[in-house]
Amino acid sequence: MQRLGGAFGCIIGIYSGGISEKPMKREETMKTMAFPLLLPLALMAFMGCSTPRLQPHEGYVTVPGGRVWYKVVGSGPGTPLLVLHGGPGATSHYLEPLSSLGAERPVIFYDQLGCGRSDRPTDTNLWRTARFIEELRCVRQHLGLKRVHLLGHSWGTMLATDYLLTQPRGIESLILMSPCLSVPRFLQDLAGLRRLLPPEVQQTLTRHEEAGTINSPEYQRAAQAFLTKFVCRLDPWPPELERALAGFGTEVYHVMWGPSELFPTGSLKDYDRTSRLGTWRLPVLFAVGRFDECTPEATAWYQSLVPGSRLVVFERSSHMAMLEETDRCNTVIRDFLLGVEKKE
């Protein structure tokens, strides 16, 4: 019999004797008859000990409250990267430029429940951080992600932080892009950013917020002036961001954040995890845009609280570095991940 390579060849080799024309004793006959049974059992044992590489595909995962859509891009040999989008409710469309990281590893995107291509239940009791953490666990379990790098953006950094504080196993590193780990600090910085807007825009924002007329077209136009300076400075906004907005989960956003980016009134309005960041003992990368609404100063403060963590500032970006400086953003993330794996 021709020799086969690898572990399969080792299994076959155990049984690869020549064919004898001599009459066999009863004991030899029983051993030979056992061969068809032993080979499948040996193969099953071997296959059960290996973890198949995650292949590109998309599908749905059942989670508390419904089903969420996911997509796996790339099939390189590196540890998979699981990406958590912002919002809450912003969808994963705007993160698509990170797909190029799939040359080295599987990259997993998913739309959190209530937005994009996932189910949109109407039960507002579902819009709790604890449920989103359980959703994340379901995605990992469904895809067999025993070891994984975790990347969160904006609200996704809150979700990643609270998930990590549950002490899950198998998280090789954490990337926090445009982090908001203290809403009180965000509001402090927001007041300063608003003062950089034209006086008439500031007055319009304040007048409608005090009157409770945030849904008015005038307020929305004034808010857009803020968004184009501190959320995405590209003109026009790229198709990936427009698709994210088209699939936006407005109800989730209103319940958890509020009626406007500039006026948080939802369940996250008092969120602050800065007192617990010092407990982390894994590689952490903080990344932020120079003109980010989640300011470089706040991000540097968060980074100072995490022992051994790194900070990168994208000098030509606001809140969307993956869109505003795509090549450099991917290079920074790629180098960080490869560096983490090289040290292991």
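Figured I'd write up the structure that's included with this text. All values derive from a computational prediction rather than experimental measurement. (Residues numbered from 1 in each chain as written. Predicted model: local features only at pLDDT ≥ 70, side-chain atom pairs only at ≥ 80, totals over all residues. Heavy atoms only, no water.)

1. Quick notes on the overall build of the protein
Keep this limit in mind: A run of H or I in DSSP becomes a helix once it reaches four residues, and a run of E becomes a strand once it reaches two; helices and strands are each numbered from the N terminus. It only takes one pair of heavy atoms within 4.5 Å for two residues to be counted as in contact. We get accessible surface area from the Shrake-Rupley algorithm with a probe of 1.4 Å; when it comes to residues, only the shown protein chains can shield them.
The helix and strand tally for the protein stands at 12 helices and eight strands. Across the protein, contacts joining residues at least 24 apart in sequence account for 72% of those joining residues at least 6 apart. Within the structure as shown, the protein displays about 16900 Å² of accessible surface, and the carbon and sulfur contribution to it stands at 56%.

2. Here we look at the pattern of salt bridges
Under the convention used in this document: One speaks of a salt bridge when a side-chain nitrogen belonging to Lys or Arg is within 4 Å of a carboxyl oxygen belonging to Asp or Glu. When a residue's accessible area, from a 1.4 Å probe over protein chains only, is under 20% of the maximum for its type it is buried; when over 50% it is exposed; and in between it is partly exposed.
Per the stated rule, a full pass over the model turns up 15 salt bridges. Across the salt bridge formed by Glu341 and Arg105, the nearest N and O atoms sit 2.5 Å from each other. Here Arg105 lies in the loop between β3 (81-84) and β4 (107-110) and Glu341 lies in helix α12 (residues 326-343), a separation of 236 residues in the sequence. Classification of Arg105 as buried rests on a relative accessible area of 1%.

3. Remarks on the packing of helix α3 (residues 129-143) against helix α4 (residues 155-164)
Let me state the cut-off plainly: Axes here refer to lines fitted to C-alpha atoms; in helices the fit is confined to the stretch in contact. Angles between the N-to-C directions go from 0 to 180 degrees. To sort the angles, those under 35 degrees are grouped as roughly parallel, those over 145 as roughly antiparallel, those from 65 to 115 as roughly perpendicular, and the leftovers as oblique. Any residue outside Ala, Val, Leu, Ile, Met, Phe, Trp, Tyr, Cys, Pro, Asp, Glu, Lys and Arg is labelled polar, Gly included; the first ten of those are nonpolar and the last four are charged.
The geometry of α3 relative to α4 is characterised by a closest axis approach of 10 Å and an angle of 80° between their N-to-C directions. Taken as axis vectors, α3 and α4 run roughly perpendicular relative to one another. Contacts between α3 and α4 involve Thr129, Phe132, Ile133, Leu136, Arg137 and Arg140 from the first element and Trp155, Leu159, Asp162 and Tyr163 from the second. Here the residues of the contact of α3 with α4 are counted per class, giving six nonpolar, one polar and three charged.

4. Details of helix α10 (residues 296-304)
Rule in force here: Picture the helix axis, draw a direction to every C-beta atom, and the arc is the one those directions span.
Residues of α10 that are buried include every one of Pro296, Ala298, Thr299, Tyr302 and Gln303, and no others. The arc that holds the buried residues of α10, viewed along the axis, is 160°, so those residues lie on one side. Packed against the buried residues of α10 are α5 (183-194), β7 (284-289) and β8 (310-314).

5. Looking at the side chain of His208
Looking at the secondary structure, you find His208 in helix α6 (residues 199-211). Those residues in contact with His208, other than ones at most four positions away along the chain, are Thr213, Ile214, Ser216, Glu218 and Tyr219.

6. Regarding the sheet that holds strand β2 (residues 66-73)
Where we set the bar: Here a strand pair is declared whenever DSSP counts at least two bridges between the two strands.
Spatially, the eight strands line up as an open sheet ordered β1-β2-β4-β3-β5-β6-β7-β8, and their pairing is mixed. At either margin of the open sheet sits one strand with a lone partner, and together these are β1 (57-63) and β8. Neighbour to neighbour, the strand axes of the sheet diverge by 20° on average, direction disregarded. Those strands touched by α10 are β7 and β8, and its axis lies near 170° from that of β7.

7. Concerning α5
Helical geometry note: an α-helix holds 3.6 residues per turn, so side chains three or four residues apart project in the same direction. This is how it is decided: Here a helix's expected span is defined as the number of its residues, less one, multiplied by 1.5 Å. Side-chain atoms alone can form a polar contact between residues adjacent in sequence; in general such a contact is a pair of N or O atoms within 3.5 Å, and within protein one must be able to donate a hydrogen while the other accepts it.
For α5, which comprises 12 residues, the first-to-last C-alpha distance of 16 Å matches the rise-based estimate of 16 Å (1.5 Å per residue) to within 8%. Along α5, the residues that are buried comprise Val183, Arg185, Phe186, Asp189, Leu190, Leu193 and Arg194. Viewed end-on, α5 has its buried residues packed into an arc of 165°, placing them on one side of the element. Packing partners of the buried residues in α5 comprise α4, α6, α7 (217-230) and α10. The N-cap of α5, judged by a side-chain oxygen 3.2 Å from the amide nitrogen of Arg185 a few residues on, is Ser182.

8. Here we look at the environment of Arg147
For Arg147, the location among the structural elements is in the loop between α3 and β5 (148-153). Sequence separation between Arg147 and Gly170 is 23 residues, and the spatial gap between their C-alpha atoms is 4.3 Å. Side chain to side chain, Arg147 and Glu172 meet in a polar contact 2.8 Å long.

9. Things to note about the environment of Leu337
Mapped onto the secondary structure, Leu337 falls in helix α12. Distance from Leu337 to Thr79, taken between C-alpha atoms, is 8.7 Å for residues 258 residues apart in sequence. Contacts of Leu337, omitting those with residues within four sequence positions, involve Leu81, Arg105, His149, Ser173 and Ile175.

10. Some details on the pairing of β4
Neither face of β4 is left uncovered, since the one carrying Val107 and Phe109 and the one carrying Ile108 and Tyr110 both have all their residues buried. Pairing of β2 with β4 involves four bridges; the strand directions are antiparallel. From the neighbouring strand, Val72 faces β4, where its bridge partner is Ile108. Sheet analysis places β3 next to β4, joined by two bridges and oriented parallel. Residue Leu82 lies in a different strand from β4, and its bridge partner there is Ile108.

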